[in-house]
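Residues per chain, in single letters:
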Amino acid sequence: QVQLVESGGGLVQPGGSLRLSCTASGHTLEYYSIGWSRQAPGKKREAVSCVSFTDGSTYYADSVKGRFAISRDDAKNTVYLQMYDLKSEDTAVYYCAAAPVPITIWDTCASMNDYWGQGTQVTVSS
């Protein structure tokens with residue numbers, strides 16, 4: 001069973017940047033699609049972004065398109081979520097998830113729920 005650890009969260013000012021990391025153990029991420037989701041207080045978990053294995057296709061929620069970028073470094077067994085122009089509404093606990101299936105459409109990313117990490121808190125505030 002793959003184990004995921006998120007890191008890189010913290011407190012940033014609006015308009016700032018942050019890079020989250022999702023590092024796996026137990027299995028190489030080479031054969032997993034990875035997704036990032038977030039959950040703000042009082043809200044349900046929201047899919048943010050995914051990167052598929054096989055072809056490395058990336059997917060983004062409309063709310064973060066143009067501001068977030070997902071990437072993977074299979075040699076480091078890590079997936080990153082680079083966040084730019086952070087807004088207060090980005091405040092949430094961010095989780096990564098892994099699934100041994102390719103992602104070809106957004107709906108697959110949004111529904112991915114096989115494995116999850118413990119989350120890392122991102123707070124955007126002045």
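The structure we're discussing is the one just above.
### With respect to the sheet that holds strand 7 (residues 68-73)
Point 1. In space, the four strands of this open sheet follow the order 1-3-8-7, with antiparallel pairing throughout. Each edge of the open sheet carries a strand with a single partner, namely strand 1 (3-7) and strand 7. On average, adjacent strands in this sheet sit at an angle of 15° to one another, irrespective of strand direction.
Point 2. Alignment of strand 3 (residues 18-25) against strand 8 (residues 78-83), held across six bridges, turns out to be antiparallel. The residue of strand 8 that forms the bridge with Ser21 is Tyr80.

### Quick notes on the pattern of salt bridges
Point 1. The final tally for this structure, using the stated rule, is six salt bridges.
Point 2. Between Lys87 and Asp85 there is a salt bridge, with the nearest N and O atoms lying 3.5 Å from each other.
Point 3. Its relative accessible area of 31% is what places Lys87 among the partly exposed residues.
Point 4. Of the residues examined, Asp85 reaches a relative accessible area of 36% and is grouped as partly exposed.
Point 5. Three or more residues joined by partner-sharing salt bridges are found here, namely Arg38, Glu46, Arg67 and Asp90.

### Looking at the packing of aromatic side chains
Point 1. Considering all chains together, one arrives at zero aromatic pairs under this definition.
Point 2. Note that Arg45 overlies the ring of Trp116, its terminal NZ or CZ placed 4.5 Å from the centroid.

### What to know about the pairing of strand 7
Point 1. Of the strand pairs in this sheet, strand 7 and strand 8 are connected by six bridges, and their pairing is antiparallel. In the strand pairing of strand 8, Asp73 is matched with Thr78.
Point 2. Taken together, strand 7 and the strand that follows it, strand 8, pair antiparallel across an intervening segment of four residues, in which Asn77 is found at a positive phi of about 55°.

### Let's talk about the nonpolar core
Point 1. Judged by nonpolar contacts, the single largest core of 29 residues is most densely connected at Ile34, Trp36, Phe68, Leu81, Met83 and Tyr94.
Point 2. Elements with a contribution of two residues or more to this core: strand 3, strand 4 (33-39), strand 5 (46-51), strand 7, strand 8, strand 9 (92-99) and strand 11 (120-124).
Point 3. Core analysis: the second largest hydrophobic core is formed by seven residues, Cys50, Tyr59, Ala97 and Cys109 among them.

Scoring rules and cut-offs
- Every chain's residues receive numbers from 1 upward, in the order its sequence appears when written.
- For this predicted model, a pLDDT threshold of at least 70 governs which residues receive local features, and a threshold of 80 or more governs which side-chain atom pairs are given and counted, while totals over whole chains, interfaces and linings are taken from all residues.
- Side-chain calculation: all heavy atoms of the structure are included, whereas hydrogens and water are not.
- Only strands joined by at least two bridges in the DSSP assignment are considered to pair.
- Segments assigned H or I by DSSP are reported as helices when at least four residues long, segments assigned E as strands when at least two residues long, and all are numbered from the N terminus.
- For helices, the axis comes from a line fit to the C-alpha atoms of the stretch in contact; other axes are also lines fit to C-alpha atoms, and the angle between any two N-to-C directions lies between 0 and 180 degrees.
- What counts as a salt bridge is simple: a side-chain nitrogen of Lys or Arg found within 4 Å of a carboxyl oxygen of Asp or Glu.
- For each residue, the accessible area found with a 1.4 Å probe, counting protein chains only, is set against the maximum for its type, and the residue is called buried under 20%, exposed over 50%, and partly exposed in between.
- To pair, rings of Phe, Tyr and Trp, with the six-membered ring standing in for Trp, must have centres within 6.5 Å; the planes then decide the type, stacked if under 30 degrees apart, edge-to-face if over 60, and tilted in the middle.
- Whether a charge sits over a ring comes down to the Lys NZ or Arg CZ being within 6 Å of the ring centre and within 35 degrees of the ring normal.
- Residues belong to one nonpolar core when they are buried, are Ala, Val, Leu, Ile, Met, Phe, Trp, Tyr or Cys, and are joined through side-chain atoms within 4.5 Å.

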